[in-house]
Amino acid sequence: MTGYPMARDRRLRRSPAMRRLVAETRLHPASFVLPLFVVEGVGVERPIASMPGHSQLSVDKLIPLVEVAAALGIGGVMLFGVPAEKDPEGSGSWDPTGPVPSAIRAVRHLDLTVWADVCLCEYTSHGHCGVVTDDGVVDNDATLPLLTRAAVTYADAGADVIAPSDMMDGRVGAIRDGLDAGGHVDLAICSYAVKYASAYYGPFREAAGSAPAFGDRRTHQMDPTSARQAAVETRHDLAEGADMVMVKPAGPYLDIVARVRAEVEVPVAAFQVSGEYSMITAAGANGWVDLDSVMLESLTGITRAGAGIVLTYFAIDAARLIRREWA
């Protein structure tokens, strides 16, 4: 191939219209899923200090926000419950009158998908993702039926996607069996197949009230030094019945997103987590970066790495910018 001066790569970058025409990666609101925190009560809107622009919301306050998301063409919302009371088993997670089932019933008629996160950490008094033994160890097998009860409760309420994030071995298979036995054979599971024990989750733990009272989650969440294990975890979850898989966090693990995308043929999601959101937002608020530009660039990077679905707290702001560009 002839090089410079006959070949001039800048020809395809000479105008905004040309750049749009040849763009290899395109952001679309339909690929975004907006995470939301649901609490009990009426008229509740508690701002989350470490996540400016986001709040814990009661169902009546959540409905208008989901309506905005639907109007913008956003693909879905992910619901996390923040109960008023907790216990060692996290029994609030399968309460049909709890915040998440109530929110599902309130918004399921809207034109987007409703995702329900399945984990016990928001609901347990100790803050761990499952039942804890007297020795302080999370009991994998004893936790599975509890996760299944929660998943079936969300399915009964009308969820479109069940998303287990607990990282217990065998939880996808247990949940799939429970959903099928409960008459929900057509309900999709998006497994947090590759979830790392990350320091980027800090703001989420404030938002969901899920910080562990002791210890950490390194015995079940993946070690950040591990890359090849991502393929193993993904294969196991698909064999157990997952319909989609997720990588979490997204930004610091773009190599993992690309690895998983190359490994599987099912949809791949990536979660731009609370720490990513908070750092970009803080830098923008201080004038250190242009918030809108960095927001869209970060989402482009995640999508370019191979994520067809991006869970992001920027979903509404990004969708508005994208639609403005279309106008």
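This text gives an overview of the structure that appears in the document. (Residues numbered from 1 in each chain as written. Predicted model: local features only at pLDDT ≥ 70, side-chain atom pairs only at ≥ 80, totals over all residues. Heavy atoms only, no water.)

### Looking at the overall build of the protein
A count of helical and extended segments in the protein gives 11 helices and 10 strands. For 327 residues, the compact-globule formula gives about 20 Å, and the C-alpha radius of gyration of the protein, at 20 Å, lands near that figure. In terms of overall dimensions, the protein has C-alpha extents of about 70 × 45 × 40 Å along its principal axes. Counting all 327 residues of the protein, 52% fall into the buried class. Carbon together with sulfur atoms contributes 52% to the accessible area of the protein, which is approximately 14800 Å² in total. Distance between charge centres in the protein, computed from 29 positive and 40 negative side chains, equals 13 Å. (Helix = DSSP H or I, 4+ residues; strand = E, 2+ residues; numbered from the N terminus. Rg over C-alpha atoms; globule rule 2.2 N^0.38 Å. Buried < 20%, exposed > 50% of the residue type's maximum accessible area, 1.4 Å probe, protein only. Areas by Shrake-Rupley, 256 points an atom, 1.4 Å probe, with all protein chains shown as cover. Lys, Arg positive; Asp, Glu negative; His and termini not counted. Charge placed at Lys NZ, Arg CZ, Asp CG, Glu CD.)

### Digging into the side chain of E122
Considering the arrangement of structural elements, one finds E122 in the loop between strand 5 (113-118) and helix 4 (140-157). What E122 contacts, discounting residues up to four positions off in sequence, is F80, G81, P83, K86, D117, A208 and S210. (Contact = heavy atoms within 4.5 Å.)

### Remarks on the packing of aromatic side chains
Summed over the entire model, instances satisfying the criterion amount to nine aromatic pairs. On the basis of an interplanar angle of 10° and a centroid distance of 6.2 Å, the ring pair of F37 and Y313 is categorised as stacked. Placement of the pair is F37 in strand 1 (residues 32-39) and Y313 in the loop between strand 10 (309-312) and helix 11 (315-326), with a sequence separation of 276 residues. Ring plane angle 45° and centroid distance 6.1 Å describe the contact between F271 and Y313, whose orientation is recorded as tilted. With F271 in strand 9 (residues 268-272) and Y313 in the loop between strand 10 and helix 11, this residue pair connects regions lying 42 residues apart in the sequence. Judged by its relative accessible area of 1%, F271 falls in the buried class. (Phe/Tyr/Trp six-rings, centres within 6.5 Å; stacked < 30°, edge-to-face > 60°.)

### A word on the state of the cysteines
Counted by the stated rule, this structure contains zero disulfides. Not part of a disulfide, C121 finds its nearest cysteine sulfur in C119, a span of 3.8 Å. (Disulfide = S-S within 2.5 Å.)

### Observations regarding unusual backbone geometry
Going from Y4 to P5, the amide bond is cis rather than trans, its omega being 15°. Within the secondary structure layout, P5 lies in the segment before helix 1 (16-22). Look at the link from K248 to P249: it is a cis peptide, with omega at -5°. Turning to its location among the elements, P249 is positioned in the loop between strand 8 (244-248) and helix 8 (254-263). One non-glycine residue, M167, adopts positive backbone phi at about 70°. Mapped onto the secondary structure, M167 falls in the loop between strand 6 (161-164) and helix 5 (171-181). Classification of M167 by relative accessible area gives buried; the value is 4%.

### A word on the nonpolar core
Grouped together as the largest cluster of nonpolar side chains are 109 residues, with contacts concentrated most on F37, L79, W115, Y154 and I162. If one sorts the elements of this core by residue count, helix 4 sits on top with nine residues. Beyond its immediate chain neighbours, meaning those up to four positions away, W115 contacts V33, G76, V77, M78, L79, V161, A163, C190, M244, M246 and I309. (Core = buried A, V, L, I, M, F, W, Y, C linked by side-chain atoms within 4.5 Å.)

### Re the packing of helix 4 against helix 5
Angle between the axes and distance between the axes are the two parameters that describe a pair of packed helices. Close contact between helix 4 and helix 5 brings their axes to 9 Å; oriented N to C, the two are set at 45°. Judged on the interaxial angle alone, helix 5 and helix 4 are oblique. Note that helix 4 runs across helix 5; the crossing there is right-handed. Of the residues in helix 5, those in contact with L144, L147, T148, A151, V152 and A155 of helix 4 are R171, A174, I175, G178 and L179. (Axes fitted to C-alpha atoms, helices over the stretch in contact; angles between N-to-C directions. Parallel < 35°, antiparallel > 145°, perpendicular 65-115°, else oblique. Left-handed = near helix turned anticlockwise from the far one by under 90°.)

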